[in-house]
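A closer look at the structure
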Amino acid sequence: MRTLTTPRSPTVAAAAPAMPRRRRRPARTAAVWILVGPYTLFLAVFGLAPAGYALWTSFVDDGSFSGGRDWAAVFHDYRLGDAAAHVATYLLLWLPILLLAVLSLAFTLHARPGRTTSALQLVYYLPGAVTGSAAALLWLFMVSPDSSPFSPLLRLMDVKSATDALSGGSLIAVLTVMGVAVHAGGWIVVLYGALNALPKDVLEAAQVDGASAWRTMWHVKLPMVRTYVAFVLISSFASGSQVFVEPTVLSTGAPGQISPTWSVNQLAYVYATQDGDFGKAAALSLAMLAVGVLAAWIVITRTRMYATDSSDSR
Amino acid sequence: MKRWRAASLAAAAAAALVLSGCGGTGGGGGSGDGKGELLVWVDNTRMPAAQQYEKAHPDLRMRIVTIPPDAGYVPTKVSLANRTKSGWPDVVFLANPAEAATLASEKFGYAAPLDDLVPKTVRDGFTPGSLETCTFGGKVYCLRNDIAPTVLWYDAKLMKRYGYQVPKTWAEYQRTGLKAAEEHPGTIVGAVNGKYGAGIYFGSSGCPTRDTRSLTEVHIDLGGPNCTRVADLLQPLAREKAVTTVLPIDPGFAKFGKGDKILMLPAPAWFGDFMFGPAFKVPGGRVAAAPMPTWPGESKPYAGQVGGGAFLVSAHAGARTEQAADLVRWMTTDVNLQARQPTYPAFTAAAKKWGEAKSKDPYYASDPMPALTAAANALRPGFGAVRFEADWQSSFNDTFVKAVDSDGNLRDSLDSWQDKLEAAAGTSGYTVG
């Protein structure tokens, strides 16, 4: 696949070799460590260390090696299949809709700059400003026909009460709509920022060559912002596969309607808190991490997210 | 290329690790042990009573912490305290008494048996059957603060206007319900959803959906007549929409009350004060209580249960155990204190005094206390506290309520409910008998 790369300014390109390399190296190294150091530290302390501890907990119970008992118990749990199916359905619905909404709205904003665009950016961002449990509570009101501003629409869809909206298969629809509304705004801002940073000369060249807005978007802009799109995908997959807050908070509005083990993350939480079984909780969390790593790796390799200009040219 | 692959895998792992942290859930540690002070966890409603006890015992060092009444909160905190081996409360109030089964289990080992701490004479003062929720393998692990026996609430004004009699048997209840649905469309005579459906109908019928024999044994058998008769009772009522699947605590339920559509509602005692007026907006002078209808072949109107709270003493209280037990005893049995509490006291003498004010409450069309007292004394045995309470509710919704909603065969749905209950019980460490 051919991708467009940002052309380097001839001035900079010419000036670069003239820079005294030896003197810059230590400064460069220091800069790299200053920039990457805190991240590495946080990754080690809050990422790798907990993951290592989880691995230990999943194999060691009360100081003695438990073998794969916890892992086997997790994979034989009758609730895991349902929870995984719920999360997979949610991801299948939510991820494409989210990506489509983010891409189409960000590209539309970028194609029509002006005052309205700035106002629209804010409008798109607003739903995303309310996140987590607050968003879930807000949506609890939104799906209750008695309090919702969209009650005529809800009645049209035969939703007569919050019980209707949150029970059975309709929960997935509510979570999907809610997930798009909550997450799209922030990503639109990120992607719009990335589009704004694209070199003007490339876009002008496309225009001069007679490329339509659609072709410019598809063949010029999209390849240049692919790393951002990949990042949206990885982040969204991670948060979507770990969906927890939304079903948990929504279930407080209609107790008993949503299973406390509706999602995989909720099941892990129930292991740790309700069942007091940290070994099983650790095993399931690590299994989820493995899925997240695999998904991230696929996206990264497919989109060549970390490919640099130099590696492209090889 | 290989290097790039390895680097990308590492990058993917790092990205996923960092991002996985974003969706995770944190949990704070438990409270400290307070260096000899009695650590008490109660909800907002029980706070003034705990403070009153503290005031009456100036020599006692107490720390009272307010906890939310949310289901799962206490087991969550206790499991964290178990992990850190510190921070257990000496006394805890459970808004959801089913959690006693979790906290008394071997895995948690939190609840202390009270048999030697609270004299039998005191325990005998509780409403018969009310401590069954707290009893596992013959040992009592908690004291009930209040109970929630079910009665047949009805709208006396509508009954009179329609010319109906308050049913005494479930067969009469079914006939009245079907008649009301035909003559006054939209009228409901019951609600079938979650614990409100399962606790009220199946609980009062004595259907063994959660009959605990010990901390590790539970009897579940939905094929028996005590279960199938509930399905047979509700099948025609469901078809004619005389029973609703809207959750009674859903704000959407108010439309039935506002529209004069609640003719009857078998529901717990606390619905009288907290649901009919404030939530359903049924005006004063209309709501009355009757005993639950009688099931075929029985002479006693048995009550189901939905709600009520309990107090537990920690097995880690050590030297403070006696003090903790005394506080729990006082909180649950002091007549003057219990007479002022909002819901039906579990202690018989306190319930009598509590009922004096209720009898005079002008909101009711007639004195509800005879029906409430009868219900409290007729709790159907076999409705135990189980560790799979949440699954008990959601599996009921997934099977029985789904069948009610879709005009399915209710008897058939009992088979799938049985399967789900057995799976839930097995996962929670029970053997199903």
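First things first, this report covers the structure right here in the doc. (Residues numbered from 1 in each chain as written. Chains lettered and ligands numbered in written order. Predicted model: local features only at pLDDT ≥ 70, side-chain atom pairs only at ≥ 80, totals over all residues. Heavy atoms only, no water.)

Concerning the overall build of chain A
- When its secondary structure is counted, chain A shows 16 helices and two strands.
- Taking all 314 residues of chain A together, 44% fall into the buried category.
- Looking at chain A alone, contacts between residues at least 24 apart form 70% of all its contacts between residues at least 6 apart.
- Of the accessible surface of chain A, which amounts to about 17200 Å², a share of 67% is contributed by carbon and sulfur atoms. (Helix = DSSP H or I, 4+ residues; strand = E, 2+ residues; numbered from the N terminus. Buried < 20%, exposed > 50% of the residue type's maximum accessible area, 1.4 Å probe, protein only. Contact = heavy atoms within 4.5 Å. Areas by Shrake-Rupley, 256 points an atom, 1.4 Å probe, with all protein chains shown as cover.)

Concerning the pattern of salt bridges
- Enumeration over the complete set of coordinates arrives at 20 salt bridges over all chains.
- Of the charged contacts in the structure, one is a salt bridge between D115(B) and R123(B), with a shortest N-O distance of 3.9 Å.
- Among the residues examined, D115(B) registers a relative accessible area of 23% and is labelled partly exposed.
- Looking at R123(B), the relative accessible area reads 16%, which means it is buried.
- When the shortest N-O distance is used, the salt bridge between R239(B) and E240(B) registers 3.8 Å.
- With a relative accessible area of 46%, R239(B) lands in the partly exposed category.
- Among the ionic contacts, a cluster of salt bridges with common partners joins D77(A), R79(A), D275(A) and D391(B). (Salt bridge = Lys/Arg side-chain N within 4 Å of Asp/Glu carboxyl O.)

Details of helix α12 (residues 321-333) of chain B
- The first and last C-alpha atoms of α12(B) sit 18 Å apart over 13 residues, in line with the 18 Å expected at 1.5 Å per residue.
- Those residues of α12(B) not exposed but buried are T321(B), A324(B), A325(B), L327(B), V328(B), W330(B), M331(B), T332(B) and T333(B). (Expected span 1.5 Å × (residues − 1).)

So, the interface of chain A and chain B
- Contacts between the two partners involve 46 residues from chain A and, on the opposite side, 43 residues from chain B.
- Roughly 3600 Å² is buried in total at the junction of chain A and chain B, and carbon and sulfur atoms are behind 63% of that figure.
- Summed over the shared surface of chain A and chain B, the number is two salt bridges.
- With a closest N to O distance of 3.6 Å, D391(B) and R79(A) form a salt bridge.
- Across the contact surface, chain A and chain B share ten residue pairs in polar contact (both at pLDDT 80 or more).
- Secondary structure elements with two or more residues in the side of chain A that touches chain B: α2 (21-59), α4 (78-111), α8 (162-166), α12 (226-241), α14 (264-273) and α15 (278-303) of chain A.
- Looking at the side of chain A that touches chain B residue by residue, the class counts come to 23 nonpolar, 16 polar and seven charged. (Buried area = accessible area lost by both parts, 1.4 Å probe. Polar contact = N/O pair within 3.5 Å; in protein donor to acceptor, adjacent residues only side chain to side chain. Nonpolar A, V, L, I, M, F, W, Y, C, P; charged D, E, K, R; others polar.)

Let's talk about the state of the cysteines
Residues and elements named next belong to chain B.
- Going through the model one piece at a time under the given rule, you end up with two disulfides over all chains.
- The disulfide bridge from C134 ends at C142, spanning 2.0 Å between sulfur atoms. Looking along the S-S bond of the C134-C142 disulfide, the torsion reads about -95°, which is the left-handed sense. Accessibility assignment for this pair places C134 and C142 in one class, buried.
- Across the disulfide from C207 sits C227; the S-S distance is 2.0 Å. Handedness here is read from the sign of the S-S torsion; for C207 and C227, about 95°, the answer is right-handed. Within this pair, whereas C207 is found in the loop between α8 (194-205) and β9 (211-212), its partner C227 is found in helix α9 (residues 225-239), the two being separated by 20 residues in sequence.
- By relative accessible area, which is 4% here, C207 ends up buried.
- On the basis of relative accessibility, which here comes to 0%, the residue C227 falls in the buried class.
- Cysteine pairing for chain B (bonded cysteines numbered in sequence order): 1-2, 3-4. (Disulfide = S-S within 2.5 Å.)

Quick look at the environment of V74(B)
Residue and element names in this part refer to chain B.
- As for its position among the elements, V74 is in helix α3 (residues 73-84).
- Residue class for V74 comes out buried when judged on its relative accessible area of 4%.
- With 25 residues separating them along the chain, V74 and E99 place their C-alpha atoms 8.1 Å apart.
- Beyond its immediate sequence surroundings of up to four residues, V74 is in contact with I67, V92, F93, L94, E99 and L103.

Points about the sheet that holds strand β14 (residues 310-313) of chain B
Residues and elements named next belong to chain B.
- Read from one edge to the other, the open sheet built from five strands follows the order β2-β1-β3-β14-β6, with strand pairing classed as mixed. Two strands bound the open sheet, and with one partner strand each, they are β2 (62-66) and β6 (143-144).
- Looking at chain direction, strand β1 (residues 38-42) and strand β3 (residues 91-94) are connected through two bridges and run parallel. Bridge pairing in β3 places V40 opposite V91.
- Sheet contacts for helix α2 (residues 47-56): β1 and β2; angle to β2, the most-contacted strand, approximately 175°. (Pairing = 2+ DSSP bridges. Axes fitted to C-alpha atoms, helices over the stretch in contact; angles between N-to-C directions.)

Overview of the side chain of N265(A)
- As for its position among the elements, N265(A) is in helix α14.
- Reaching out from N265(A), the side chain makes a polar contact with the backbone oxygen of Q242(A) at a distance of 3.0 Å.

Here's the deal with the side chain of T332(B)
All names here are of chain B.
- Along the chain, T332 turns up in helix α12.
- In terms of polar contacts, T332 uses its side chain to reach the backbone carbonyl oxygen of V328, at 2.8 Å.
- Once residues within four sequence positions are removed from consideration, T332 is found in contact with F126, L143, R144, N145, F311, Q338 and F347.

Some remarks on a negative patch on the surface
- A contiguous patch of negative charge on the surface is contributed by D221(B), D412(B), D415(B), D419(B) and E422(B).
- Tracing the chain through its elements places D419(B) in helix α17 (residues 410-427). (Patch = residues over 30% accessible without salt bridge, like charges linked within 9 Å, V, L, I, M, F, W, Y side chains within 5 Å. Lys, Arg positive; Asp, Glu negative; His and termini not counted. Charge placed at Lys NZ, Arg CZ, Asp CG, Glu CD.)

A look at the packing of helix α7 (residues 170-183) of chain B against α9(B)
Residues and elements named next belong to chain B.
- Contact pair α7 / α9: the axes reach a minimum separation of 9 Å and the direction vectors enclose 5°. Comparing the axis directions of α7 and α9 gives the class roughly parallel. Residues W170, Y173, Q174, G177 and L178 of α7 pack against D232, L233, P236 and L237 of α9. (Parallel < 35°, antiparallel > 145°, perpendicular 65-115°, else oblique.)

Re unusual backbone geometry
Residues and elements named next belong to chain B.
- Phi is positive for K85, close to 60°, though the residue is something other than glycine.
- Topologically, K85 is positioned in the loop between α3 and β3.
- Residue K85 is classed as exposed on the basis of its relative accessible area of 63%.
- A positive phi angle is found at K241, which is not glycine, with a value near 60°.
- By the element assignment, K241 lies in the loop between α9 and β11 (243-244).

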